[in-house]
Amino acid sequence: MTKEELKLLFDKLNIPYREGIQYMEDNSNYPQIVFFDYRWEDVLSSGSKYDTVVSYQVSFRSMKPRDPKLIELKKLINDKGKHPIISHEYIENKREWHSYFSVEVLEDVCAEL
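Residues numbered from 1 in each chain as written. Predicted model: local features only at pLDDT ≥ 70, side-chain atom pairs only at ≥ 80, totals over all residues. Heavy atoms only, no water.

It is worth spelling out helix α1 (residues 3-13) at this point. Of the residues making up α1, those classed as buried are Lys-3, Leu-6, Leu-9, Phe-10 and Leu-13. Take α1 and look down its axis: the buried residues cluster within an arc of 115 degrees, on one side only. Away from the buried face of α1 by more than 90 degrees, exposed residues Glu-4 and Lys-12 are located. Each element contacted by the buried residues of α1 is listed here: β1 (17-19), β2 (32-42), β3 (52-62), α2 (68-79) and β5 (96-107). (Buried < 20%, exposed > 50% of the residue type's maximum accessible area, 1.4 Å probe, protein only. Helix = DSSP H or I, 4+ residues; strand = E, 2+ residues; numbered from the N terminus. Arc of directions from axis to C-beta. Contact = heavy atoms within 4.5 Å.)

Next up on the list: the pattern of salt bridges. Using the criterion set out here, one finds six salt bridges in the structure. Two residues, Lys-3 and Glu-19, come together in a salt bridge whose shortest N-O distance is 2.9 Å. Taken as a pair, Lys-3 in helix α1 and Glu-19 in strand β1 lie far apart in primary sequence, 16 residues in all. Residue class for Glu-19 comes out partly exposed when judged on its relative accessible area of 34%. With a shortest N-O distance of 3.5 Å, Arg-39 and Glu-41 are connected by a salt bridge. By relative accessible area, which is 41% here, Glu-41 ends up partly exposed. (Salt bridge = Lys/Arg side-chain N within 4 Å of Asp/Glu carboxyl O.)

Turning next to the environment of Glu-19. Put simply, Glu-19 and Lys-7 are 12 residues apart on the chain and 9.6 Å apart in space, counted from C-alpha to C-alpha. Other than its neighbours up to four places away in sequence, Glu-19 contacts Lys-3, Phe-35 and Tyr-56. Within the structure, Glu-19 has its side chain in polar contact with the side chain of Lys-3 (distance 2.9 Å). (Polar contact = N/O pair within 3.5 Å; in protein donor to acceptor, adjacent residues only side chain to side chain.)

Taken together, five strands build an open sheet; the order of strands is β1-β2-β3-β5-β4 and the sheet is mixed. Each of the sheet's edge strands pairs with one partner strand only, and the pair in question is β1 and β4 (87-91). Adjacent strand axes in the sheet meet at a mean angle of 25 degrees, parallel and antiparallel pairs treated alike. Where β4 and β5 come together, five bridges link them in antiparallel fashion. Looking at β5, one finds that Glu-89 is bridged to His-98. The strands that α2 touches are β2, β3, β4 and β5; relative to β3, the one it contacts most, it runs at about 160 degrees. (Pairing = 2+ DSSP bridges. Axes fitted to C-alpha atoms, helices over the stretch in contact; angles between N-to-C directions.)

This is the structure:
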């Protein structure tokens, strides 16, 4: 799966999502997704269109556990052959559920140069 394919999965959920930030400016709109990269690993095979495996953390924030949109996201990611371990925590001071997992995608991080 590529980064663009991951973003297309988020689009299918029809909920807000942002890349690279911890929390959105409008925290009243739930559920929502925030995702960011935290690890790059070079692909050493020659002739590949992509040169890096990029690990992203996907944070899903909701007002209830087992949000139907989270279940839908899980199914969409599973259909792409990815089976992440999804962790959950309750943020008491925000009264929200935070579910999070990592997913690896192929990306040409040097293409922007």
